[in-house]
Amino acid sequence: DLKSVEADAEPAFDAMTDVIFRLFTRQNPTTGQIITFDMNTVRNSNWNVNNDVRILIHGWNGGGAGSSGMLTREFLARDDYNVIAVDWGAGAQTPNYVAARNRVGPTGQAIAVLIDAIHAAQLTTFARVNVVGHSLG
């Protein structure tokens, strides 16, 4: 189709700076604590080294502070986990599915960097981490 279409340019997306990680535990089940690749943010949070880790990733057009609320509540009702809700809404909230799909790889890499950092800091083991996603998550 050669007809011109009015459209705003897609904003740039850098997963290493645009993805937000929110930690939920039984001590803070409704308000996530933002953690980063700096392990001091994890150490200074409600993180419990004795708890398993559940990482929740929303799908296309998802994002925001409450994007994984139902799953977070269900996990914490069953056991005392470190639940990390991954908010990649800066990359997922677009009508352009192809653009969102192309941001999945960099988002996964950012999540891997966080998992590796938490493991290297001896705050968990790989065996205690489960990743749950849906749609493009």
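Residues numbered from 1 in each chain as written. Predicted model: local features only at pLDDT ≥ 70, side-chain atom pairs only at ≥ 80, totals over all residues. Heavy atoms only, no water.

Asks: An account of the nonpolar core is needed here, citing residue identities and associated values.
Replies: One broad rule of soluble globular proteins: the nonpolar side chains tend to lie buried together. Counting 26 residues, the largest nonpolar core has Phe21, Trp47, Ile55 and Ile84 as the members making the most contacts within it. Put simply, the parts of the chain that give this core at least two residues each are strand S1 (20-25), helix H2 (39-43), strand S3 (53-57), strand S4 (82-87) and helix H6 (104-120). For this core, the element with the highest residue contribution is H6, accounting for six residues. Those residues in contact with Trp47 that sit more than four places away from it in its chain are Leu23, Val42, Val53, Asn82, Ile84, Ile118, Leu123 and Thr124. Phe24, Leu56, Leu76 and Ala85 belong to the second largest nonpolar core, which has six residues in total. (Core = buried A, V, L, I, M, F, W, Y, C linked by side-chain atoms within 4.5 Å. Buried < 20%, exposed > 50% of the residue type's maximum accessible area, 1.4 Å probe, protein only. Helix = DSSP H or I, 4+ residues; strand = E, 2+ residues; numbered from the N terminus. Contact = heavy atoms within 4.5 Å.)

Asks: Explain the sheet that holds strand S5 (residues 129-133) residue by residue, including any values.
Replies: Spatial strand order, S2-S1-S4-S3-S5: five strands in an open sheet with mixed pairing. Edge strands, defined here as strands with exactly one partner in the open sheet, are strand S2 (28-35) and S5. Adjacent strand axes in the sheet meet at a mean angle of 25 degrees when their direction is disregarded. For S1 and S4, the ladder comprises five bridges, and the chain directions are antiparallel. When the sheet's bridge partners are listed, Ile20 is paired in S4 with Asp87. Where helix H3 (residues 69-78) meets the sheet, it contacts S1, S2, S3, S4 and S5, and its direction lies at approximately 165 degrees from that of S3. (Pairing = 2+ DSSP bridges. Axes fitted to C-alpha atoms, helices over the stretch in contact; angles between N-to-C directions.)

Asks: Tell me about unusual backbone geometry, and name the residues and values.
Replies: For Gln122, which is not glycine, the phi dihedral falls at a positive 60 degrees. Secondary-structure assignment places Gln122 in the loop between H6 and S5. Of note, Ser135 is a non-glycine position whose phi angle comes to about 55 degrees, a positive value. Relative to the assigned elements, Ser135 resides in the segment after S5.

Asks: Talk me through a nonpolar patch on the surface; I want residue IDs and the actual numbers.
Replies: Judged by side-chain polarity, Trp60, Tyr97 and Val98 come together as a nonpolar surface patch covering roughly 260 Å² of accessible area. Position of Tyr97 among the secondary structure elements: in helix H5 (residues 97-102). We classify Tyr97 as partly exposed; its relative accessible area is 38%. (Patch = residues over 30% accessible without salt bridge, like charges linked within 9 Å, V, L, I, M, F, W, Y side chains within 5 Å. Areas by Shrake-Rupley, 256 points an atom, 1.4 Å probe, with all protein chains shown as cover. Salt bridge = Lys/Arg side-chain N within 4 Å of Asp/Glu carboxyl O.)

Asks: Residues and numbers for the packing of aromatic side chains, please.
Replies: The full count for this structure, using the stated rule, is three aromatic pairs. Relative to Phe37, the ring of Phe21 lies with its centre 5.7 Å away and its plane at 75 degrees, an arrangement referred to as edge-to-face. Within this pair, whereas Phe21 is found in strand S1, its partner Phe37 is found in the loop between S2 and H2, the two being separated by 16 residues in sequence. Looking at Phe37, the relative accessible area reads 26%, which means it is partly exposed. Ring centres of Trp60 and Tyr97 lie 4.8 Å apart, and the angle between their planes is 85 degrees; on these two criteria the pair is classed as edge-to-face. Pair noted here: Trp60 is in the loop between S3 and H3 and Tyr97 is in helix H5, with a separation of 37 residues, a long-range link. On the basis of relative accessible area, Trp60 is assigned to the partly exposed category, the value being 32%. (Phe/Tyr/Trp six-rings, centres within 6.5 Å; stacked < 30°, edge-to-face > 60°.)

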